[in-house]
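# Per-entry structural report
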Amino acid sequence: MPVSITLSGLSYSTPDGRLLFDNLSIAFNAERTGLVGRNGVGKSTLLRLISGELAPRSGTIAVGGRLAVLRQIVAPPADMTVADLFGVADDLMLLERAEAGEASLTELAEADWTLPTRLEAALSRLGLAVRPATFLTALSGGEATRAALAALTFGEPDMLLLDEPTNNLDRDGRRAVIDLLAGWRGGAVVISHDRELLETMDAIVELTSLGAGRYGGGWSAYRARKAIELAAARHDLDDAERRLVGEKQSVQIQAEKQARRAGVGVRKAKKGDMPKIVAGGLARKAEETRAADARLGERRMAAAASAVEEARGKLEVLAPFSVSLPPSGLVDDRLVLRLDAVSVGYGDKALVRDLSLEVRGPERVAITGPNGSGKSTLLRAIIGDRPPLSGRADRRVDFAFLDQRVSLLDEGETIRDAYRRLDPGASEEACRASLARFKFRADAALRTVGSLSGGERLRAGLACVLGRAKPPQLLILDEPTNHLDVESIETVEAGLRAYDGALLVVSHDEAFLNAISIGRRIELASAEGGTRMA
């Protein structure tokens, strides 16, 4: 059976009635396809529809071949092991009983003696060296993602459905995913904001409110084509607006001409230059002509206005939102942060040892390193959430911290209420204007935090922090790009480039770090490997 996924006339609405897809038709074949689109447009929902987890309101989904789905990792059960993830726990237990001489003849006939070797090879392809009995809770987020991907490919499906496979992965993990997909012989539909990964795709499918569009090639080819489309959309909007202005002028001129003709007839009737019956007929004809011209003018202006709205709507989809930041007031030589021989970790286990660091003025510092090296733990010590094992962390300016869960926002509050809570001195007008700059306009600002997608939540957090009249002088970010769509990442990059405060960023996204002009790097290794500054 040919490997394929075909969507025909697909429509779907969320439980709260929001229409995500309407008559959507697209096909995926035996190639690597990157699925992109703004946060909240329905990318993850589309994968759930394809996998059969959700049912469409209308339309059909035809799947050729076996599917395997990798979704964004959530907290696993406490007793779940790597073997459970692969679905081979019972098979491994059988091998253990066979080696101990406790298996029956029937069980021995069913034993797969190649399983341990194949399992080790599958994990090794993703750069993992863990035992099958390892609990998933003992793995870092990145290690759990790699283990899940290894388990997914272990069954040799025909088509992979991957939802943000490089989220939480360190540099080596991202490279392992890219290499795995490069050698994958089946099809793959990959939701991702990882521009390095998207560059390796055979095609890009973009979801927007207008539907789905397919672009051959990887990320660069897609962006080049989008730039052409954006220029065309702006040209179409200019043309439509000129047409609307022209129609309004034409209607006005026609109305004035008709008024002058009617005025001539009225004056002649008053002078008695024509019989009353003739004058009355001319008046009725003039009124009928005026009404017909008015109806025609209304239709033409309505058509022109509709064309403007259609062109503006397309431009809205294509154009990224913009961020402008007011000054923080941080001066160049101001001491922002000092770490004196700081060690952090859990219990007696130190992940980072004796780190000393000074940040002065608007420096941009990145903390990098493999999963499990203590990056997020170090940030928690810096912001005061957990005390260091030893040493001292001293902040000297006001700061804001955005973690991966955007925990500064409360699940039950609206975005507008979150902004007012975090900036109580702001007026309602200033609040709404700041939120609008981050695409939370009108009723969108009244959505609850709990109803937001991961990317929308981070965007709301950025709006509440960076949208203030005076931004903090130190901004601390923990993997800020993990849940943003690429357009939003690029917009945040532009905003952070304009930010005049100090930046302390944990990120595995090299493209992001380069775009925001990081000047210094703190590279963490294992506790034994120490710390390297660049």
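Let me sum up the structure you'll find in this document. (Residues numbered from 1 in each chain as written. Predicted model: local features only at pLDDT ≥ 70, side-chain atom pairs only at ≥ 80, totals over all residues. Heavy atoms only, no water.)

### Comments concerning the nonpolar core
Judged by nonpolar contacts, the single largest core of 47 residues is most densely connected at Phe-86, Val-88, Leu-149, Leu-160, Leu-162 and Leu-181. In terms of residue count, the dominant contributor to this core is helix H6 (residues 141–154) (seven residues). With residues near it in sequence (within four places) discarded, Leu-162 still touches Leu-47, Leu-70, Leu-149, Leu-152, Leu-181, Val-189, Val-190 and Ile-191. With 38 residues, the next largest nonpolar core counts Leu-402, Tyr-419, Leu-477 and Ile-516 among its residues. (Core = buried A, V, L, I, M, F, W, Y, C linked by side-chain atoms within 4.5 Å. Buried < 20%, exposed > 50% of the residue type's maximum accessible area, 1.4 Å probe, protein only. Helix = DSSP H or I, 4+ residues; strand = E, 2+ residues; numbered from the N terminus. Contact = heavy atoms within 4.5 Å.)

### What to know about the sheet that holds strand S7 (residues 187–191)
An order of S5-S6-S7-S3-S8-S9 is seen for the six strands of this open sheet, with the pairing classed as mixed. Each having just a single partner strand, strand S5 (67–70) and strand S9 (211–216) make up the two edges of the open sheet. Each strand axis lies, on average, 20° off the axis of its neighbour in the sheet, ignoring direction. Where strand S8 (residues 203–208) meets S9, six bridges bridge the pair, whose relative direction is antiparallel. Within the sheet, the bridge partner assigned to Leu-207 lies in S9 and is Ala-212. Relative to the sheet, helix H1 (residues 43–51) contacts strand S3 (32–37), S5, strand S6 (159–163), S7 and S8, its axis offset from that of S6 by approximately 150°. In the packing of H6 onto the sheet, the strands contacted are S5 and S6, and the crossing angle to S5 comes to about 180°. (Pairing = 2+ DSSP bridges. Axes fitted to C-alpha atoms, helices over the stretch in contact; angles between N-to-C directions.)

### Section: the environment of Trp-219
In this structure, Trp-219 sits in helix H9 (residues 219–271). When its relative accessible area of 6% is taken as the criterion, Trp-219 is described as buried. Taking the C-alpha atoms as reference points, Trp-219 and Glu-196, 23 residues apart in sequence, are found 8.2 Å from one another. Ignoring any residue separated from it by four or fewer positions in sequence, one finds Trp-219 in contact with Val-36, Arg-195, Leu-198, Glu-199, Ile-204, Val-486 and Glu-490.

### Points about a nonpolar patch on the surface
Side chains of Leu-105, Leu-108 and Trp-113 sit close together on the surface and give an oily, nonpolar patch of about 350 Å² of accessible area. Here Leu-108 is to be found in helix H4 (residues 105–110). (Patch = residues over 30% accessible without salt bridge, like charges linked within 9 Å, V, L, I, M, F, W, Y side chains within 5 Å. Areas by Shrake-Rupley, 256 points an atom, 1.4 Å probe, with all protein chains shown as cover. Salt bridge = Lys/Arg side-chain N within 4 Å of Asp/Glu carboxyl O.)

### Notes on a negative patch on the surface
Negative charge collects at one region of the surface, where Asp-79, Asp-84, Asp-90 and Asp-91 lie side by side. Note that Asp-79 resides in the loop between S5 and helix H2 (82–86). (Lys, Arg positive; Asp, Glu negative; His and termini not counted. Charge placed at Lys NZ, Arg CZ, Asp CG, Glu CD.)

### A look at the pattern of salt bridges
Where charged atoms of side chains with opposite charge meet at close range, the side chains can pair. If you walk through the whole model with that rule in mind, you get 29 salt bridges. Ionic pairing is found between Glu-490 and Arg-223, a salt bridge with its closest N-O pair at 2.8 Å. Of this pair, Glu-490 sits in helix H15 (residues 486–498) while Arg-223 is found in helix H9, placing the two residues 267 residues apart along the sequence. Linking Glu-363 and Arg-520 is a salt bridge whose minimum nitrogen-to-oxygen distance equals 3.0 Å. Remark: Arg-520 occurs in strand S17 (residues 520–524) and Glu-363 occurs in the loop between strand S11 (349–360) and strand S12 (364–368); sequence separation between them is 157 residues. Residue Glu-363 is classed as partly exposed on the basis of its relative accessible area, which comes to 25%.

### Examining the packing of aromatic side chains
Considering all chains together, one arrives at three aromatic pairs under this definition. Look at Tyr-215 and Tyr-222: their rings are 5.2 Å apart centre to centre, the planes differ by 80°, and that puts the pair in the edge-to-face class. Plain terms: the ring middles of Trp-219 and Tyr-222 are 5.0 Å apart, the flat faces sit at 45° to each other, and that makes the pair tilted. Here Trp-219 and its partner Tyr-222 are both found in helix H9, three residues apart, which amounts to about one turn of the helix. Taken individually, Trp-219 and Tyr-222 each receive the classification buried, so the pair is uniform in this respect. The ring of Phe-440 is capped by Arg-459, whose NZ or CZ atom sits 4.6 Å from the centre of that ring. (Phe/Tyr/Trp six-rings, centres within 6.5 Å; stacked < 30°, edge-to-face > 60°. Lys NZ or Arg CZ within 6 Å of the ring centre and 35° of its normal.)

### Here we look at the side chain of Asp-170
Tracing the sequence through the fold places Asp-170 in the loop between S6 and helix H7 (171–182). The class of Asp-170 is buried, set by a relative accessible area of 4%. Side-chain polar atoms of Asp-170 contact the backbone nitrogen of Asp-172, separated by 3.3 Å. One polar contact links the side chain of Asp-170 to the main-chain amide nitrogen of Gly-173, over a distance of 2.8 Å. Look past the residues within four positions of Asp-170 in its chain and what remains in contact with it is Arg-146, Gly-369, Pro-370, Asn-371 and His-508. (Polar contact = N/O pair within 3.5 Å; in protein donor to acceptor, adjacent residues only side chain to side chain.)

### Examining the packing of helix H12 (residues 415–422) against helix H14 (residues 454–466)
At a closest axis distance of 9 Å, the pairing of H12 and H14 adopts a crossing angle of 35°. For H12 against H14, the interelement crossing comes out right-handed. Contacts between H12 and H14 involve Ile-415, Ala-418, Tyr-419 and Leu-422 from the first element and Ala-460, Ala-463 and Cys-464 from the second. Across the contact of H12 with H14, the residue classes break down as seven nonpolar, no polar and no charged. (Left-handed = near helix turned anticlockwise from the far one by under 90°. Nonpolar A, V, L, I, M, F, W, Y, C, P; charged D, E, K, R; others polar.)

Nothing here speaks to function; it is geometry throughout.
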